[in-house]
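The residues making up each chain are set out below.
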Amino acid sequence: MRMSPTSGSCLSTASTRRRARVSSKPATSATPSSGDSFRLGTPAQKLRQDILLMKPYFITCKEAMEARLLLQLQDRQHFVENDEMYSIQDLLDVHLGRLGCSLTETHTLFAKHIKLDCERCQAKGFVCELCREGDVLFPFDSHTSVCADCSAVFHRDCYYDNSTTCPKCARLNLRKQSLLQEPDPDLDA
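1. Digging into the overall build of the protein chain
A count of helices and strands for the protein chain gives nine helices and six strands. Residues counted as buried form 31% of the 189 residues belonging to the protein chain. Pairs at least 24 apart in sequence give 53% of the contacts found in the protein chain among residues at least 6 apart.

Take a look at the structure:
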């Protein structure tokens with residue numbers, strides 16, 4: 001029997017191993033529809049969402065793959081799969097304030113690679129098509145909004161001030177319509 005570090009009670013070796021194994025597996029969802037009695041409106045939730053937005057940059061980046069950046073989250077693999085599942089250890093770390101600190105460090109490292117260190121990742125950034133001003137934008141930037149239909153990125157203020165159609169969606173729709181209206185060259189012959 002061993003003394004549990006968290007509860008102060010004695011646990012068998014098998015129980016200690018099982019608790020260690022179970023505590024790191026994703027077990028519950030933090031969504032309101034999950035029926036659980038808690039909701040995570042914490043900064044950790046936003047950081048997890050941002051990290052999911054960063055994942056496509058790393059999957060297609062040779063340097064990020066060589067540096068194995070996504071392995072920064074190897075102990076919390078479910079964090080790069082979705083932003084809703086939490087393990088018991090995650091919930092404990094949220095309660096103790098450790099998860100936010102850990103995710104902030106990872107988020108900073110990931111953002112630094114994408115925005116500063118890697119030219120390939122930088123090239124995948126966006127220019128706000130509504131104002132055409134400012135720095136290159138990324139979907140995980142705090143001052144941006146992302147079109148739900150085409151994933152174009154805009155300054156948040158520009159997007160909400162200009163409540164018309166997304167310029168990229170408008171272009172895509174125009175092109176689609178023009179392709180549908182073009183006469184078939186084989187029919188004219």
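2. Some points on helix α5 (residues 98-117)
The end-to-end C-alpha separation of α5 is 27 Å, in line with the 28 Å expected for 20 residues at 1.5 Å each. Buried within α5 we find L99, L103, T106, H107, F110, A111, H113 and I114.

3. Points about the packing of aromatic side chains
Enumeration according to the criterion identifies seven aromatic pairs in this entry. Judged by centre distance (6.1 Å) and plane angle (85 degrees), the ring pair of Y57 and F140 falls under edge-to-face. With Y57 in helix α2 (residues 43-59) and F140 in the loop between α6 (119-122) and β5 (144-146), the pair connects residues that are 83 residues apart, well separated along the chain. Taken as a pair, Y57 and F140 share a single burial class, namely buried.

4. Topic: α2
Its 17 residues place the ends of α2 25 Å apart at the C-alpha level, agreeing with the 24 Å of an ideal helix rising 1.5 Å per residue. Its maximal kink placed at L53, α2 deviates by approximately 30 degrees, while the proline P56 follows within four residues. Of the positions making up α2, those classed as buried are A44, Q45, L47, R48, D50, I51, M54, Y57 and F58.

5. A few points about the pattern of salt bridges
A side chain of one charge can pair with a side chain of the opposite charge if their charged atoms are brought near each other. In this structure the tally under the stated criterion is eight salt bridges. Salt-bridge contacts for R98 lead to D93; the nearest nitrogen and oxygen are separated by 2.8 Å. Judged by its relative accessible area of 44%, R98 is partly exposed. Taking the shortest distance from any N to any O, the salt bridge between K112 and D117 comes out at 2.9 Å.

6. Re the nonpolar core
One recurring pattern in soluble globular proteins is that nonpolar side chains are buried together. One finds M54, F58, L73, L103, F110, I114 and F140 to be the most contacted residues of the largest nonpolar core, which totals 23 residues. Elements with a contribution of two residues or more to this core: α2 and α5. Ranked by the residues each element gives to this core, the list is headed by α2, at six residues. Setting aside residues no more than four positions away along its own chain, I114 makes contact with M54, Y57, F58, C121, Q122, F138 and F140.

7. A few points about the packing of α2 against α5
At a minimum axis distance of 10 Å, the contact between α2 and α5 shows a crossing angle of 30 degrees. As far as their axial angle goes, α5 and α2 are roughly parallel. In the packing of α2 onto α5, the handedness of the crossing is left-handed. Contacts from A44, L47, R48, D50, I51, M54, Y57 and F58 in α2 reach L99, G100, L103, T104, T106, H107, F110, A111, H113 and I114 in α5. In the contact of α2 with α5, the residues fall into eleven nonpolar, five polar and two charged.

8. Points about the confidence of the model for the protein chain
For the protein chain, the mean per-residue pLDDT works out to 82, and 75% of the residues sit at or above 70. Taken element by element, the protein chain is modelled with least confidence in strand β1 (residues 2-3), mean pLDDT 50, and with most confidence in α6, mean pLDDT 96. Ignoring residues within four places in sequence, the model shows residues 34-38, a span with pLDDT below 50, making seven contacts including any to other chains.

How each quantity is defined
Residues numbered from 1 in each chain as written. Predicted model: local features only at pLDDT ≥ 70, side-chain atom pairs only at ≥ 80, totals over all residues. Heavy atoms only, no water. Helix = DSSP H or I, 4+ residues; strand = E, 2+ residues; numbered from the N terminus. Buried < 20%, exposed > 50% of the residue type's maximum accessible area, 1.4 Å probe, protein only. Contact = heavy atoms within 4.5 Å. Expected span 1.5 Å × (residues − 1). Phe/Tyr/Trp six-rings, centres within 6.5 Å; stacked < 30°, edge-to-face > 60°. Bend = angle between axes of the 7 residues up to and from the residue. Salt bridge = Lys/Arg side-chain N within 4 Å of Asp/Glu carboxyl O. Core = buried A, V, L, I, M, F, W, Y, C linked by side-chain atoms within 4.5 Å. Axes fitted to C-alpha atoms, helices over the stretch in contact; angles between N-to-C directions. Parallel < 35°, antiparallel > 145°, perpendicular 65-115°, else oblique. Left-handed = near helix turned anticlockwise from the far one by under 90°. Nonpolar A, V, L, I, M, F, W, Y, C, P; charged D, E, K, R; others polar. pLDDT = per-residue confidence, 0-100.

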